[in-house]
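A look at the structure
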Amino acid sequence: MIHDRIVQLTRKYTEHDMLSLYAELPAFPEARIRLLAACLNAYGTEQEHHELYAVVVALVQMGLDTHDRIDTNTSPLSERAMRARQLNVLGGDYYSSRFYNLLAQAGKVGMVRKLSEAVCEVNRLKMNFYNQQQQNRMSPDQYVAYRALIKSELFRAFDEMLEAPLSSQWNDLLITVARCETIHEEWQQARQQRLDGWGYWYIVDVGTDADRQLLLNLAGTDNSQQACIELASRYRIAELLEEMLAQQVEQLKAAIERLTNSQCAGELSSIAESFLQSLAAPVMHSEMR
């Protein structure tokens, strides 16, 4: 499969002994890469560069995701924790340098510019996202919308390479897949009994005054787990996210039905089904905190 080959090619540039020892590799952006690879293969121009583009955008995304892992805690750290922080900085820079190098070797300087501009836009969106959270001006719907927009921004750079009729559908497909990924990640966190992200903002939005105050009081404390478990259960956070994901997958399936290339539609249908299959997976003890 095209996707499997891209994973293998990307791994050549992400596997590094020092990074593996001290820093955790970010998750491969599987659904978005599968979407991009399938659409470029079916509707894209520059057929000879499709694998290259999928690999480099995966590297850029993983570089950004690595930087997001940097711990900003100002308290004293152990030597290992300090080393992990330093390597998360260097790791993100390392993945980005590989992206520049690969595109330069292929003579695709224009794509270097487009992806660099996209990285700037991603960082701008992140600043707005974090500022709104700090000011407590975030609704649960806005939270999902921001995260999906941030996830999709790098991949918008390929819209001009897609021929009709997909060119007019690309952004809708991309944001729908990014929303599926976002809700799926939030659902996984809820299964781990974590009350942050969407669950936190949902309770801030619809919870009682007492429960909203409890959330504020719990912030940054060491004894919050049991209270968070109780709040998440009372407000059915995991169940609501499961329902949201199922609805979002139905929207993705509706968009897929409008595609004219059966091979591309089949790959995108497989992406949609993978989200639904994860919902049926039992909760493993190792997932629990």
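To keep things clear, this report deals only with the structure shown in the data block. (Residues numbered from 1 in each chain as written. Predicted model: local features only at pLDDT ≥ 70, side-chain atom pairs only at ≥ 80, totals over all residues. Heavy atoms only, no water.)

**Section: the packing of helix α8 (residues 170-191) against helix α12 (residues 237-256)**
What counts, and what does not: Axis angles are defined between N-to-C directions and span 0 to 180 degrees, where every axis is a line fitted to C-alpha atoms and, for a helix, only to the segment in contact. Helix and strand definitions follow DSSP, with helices as H or I runs of at least four residues and strands as E runs of at least two, each counted in order from the N terminus. Oblique is the label for every angle not falling under 35 degrees (roughly parallel), over 145 degrees (roughly antiparallel), or within 65 to 115 degrees (roughly perpendicular). Crossing handedness is read from the near helix: turned anticlockwise from the far helix by less than a right angle, it gives a left-handed crossing, and turned clockwise, a right-handed one. Two residues form a contact once any of their heavy atoms are found within 4.5 Å. Note on residue classes: Ala, Val, Leu, Ile, Met, Phe, Trp, Tyr, Cys and Pro are nonpolar, Asp, Glu, Lys and Arg are charged, and everything else, Gly too, is polar.
As a packed pair, α8 and α12 sit with axes 9 Å apart at the nearest point and diverge in direction by 160°. Here α12 runs roughly antiparallel to α8, going by the angle between their axes. The two elements α8 and α12 meet at a crossing, and its hand is left-handed. Counted together, Leu-173, Thr-176, Val-177, Arg-179, Cys-180, Ile-183, His-184, Glu-186, Trp-187 and Ala-190 of α8 and Ile-237, Ala-238, Leu-241, Glu-242, Met-244, Leu-245, Gln-248, Val-249, Gln-251, Leu-252 and Ala-255 of α12 form the full contact between these two elements. When the residues that make up the contact of α8 with α12 are grouped by side-chain class, the tally is 14 nonpolar, four polar and three charged.

**A word on the pattern of salt bridges**
This is how the line gets drawn: A side-chain nitrogen of Lys or Arg and a carboxyl oxygen of Asp or Glu constitute a salt bridge if their distance falls within 4 Å. Burial status follows relative accessibility: with a 1.4 Å probe on protein chains alone, a residue under 20% of its type maximum counts as buried, one over 50% as exposed, and anything between as partly exposed.
Inspection of every chain in the model, using the stated rule, returns 17 salt bridges. Note that Glu-181 and Arg-32 form a salt bridge whose closest N and O atoms lie 2.4 Å from each other. A residue pair is termed long-range when its members are at least 10 positions apart, and Glu-181 in helix α8 and Arg-32 in helix α3 (residues 30-43) qualify at 149 residues. Here Glu-181 matches Arg-32 in class, with each residue buried. As a salt-bridge pair, Glu-273 and Lys-253 come within 2.9 Å of each other at their nearest N and O atoms.

**Looking at the packing of aromatic side chains**
Inclusion rule: Pairing of aromatic rings covers Phe, Tyr and Trp, the last through its six-membered ring, and needs centres within 6.5 Å; plane angles under 30 degrees mean stacked, over 60 mean edge-to-face, and all others mean tilted.
Tallying each qualifying case throughout the model produces seven aromatic pairs. Between Trp-198 and Tyr-202 the ring centres are 4.9 Å apart and the planes differ by 20°, which places this aromatic pair in the stacked class. Linking Trp-198 with Tyr-202, this pair stays in helix α9 (residues 198-206), spanning four residues, or about one helical turn. Taken together, Phe-129, Tyr-130, Tyr-143 and Tyr-146 form an aromatic cluster joined through their ring pairs.

**Digging into α9**
All buried positions along α9 are accounted for by Trp-198, Gly-199, Tyr-200, Trp-201 and Ile-203. Buried-residue contacts for α9 involve α6 (109-134), α7 (140-152), α8, α10 (209-218), α11 (225-234) and α12.

**Let's talk about the environment of Ala-190**
With respect to the element layout, Ala-190 can be found in helix α8. Along the chain, Ala-190 and Glu-239 lie 49 residues apart, while their C-alpha atoms are 9.0 Å from each other. Setting aside anything within four residues of it in sequence, one finds Ala-190 in contact with Ile-237, Ala-238 and Leu-241.

**Focus on unusual backbone geometry**
With glycine set apart, most residues show a phi of negative sign, and most peptide bonds adopt trans. Between Ala-164 and the following residue, Pro-165, the backbone shows a cis peptide bond with an omega angle of 5°. The topology assignment puts Pro-165 in the loop between α7 and α8. In this model, Glu-46 sits at a positive phi of 50°, which is unusual for a non-glycine residue. With respect to the helices and strands, Glu-46 occurs in the loop between α3 and α4 (50-68).

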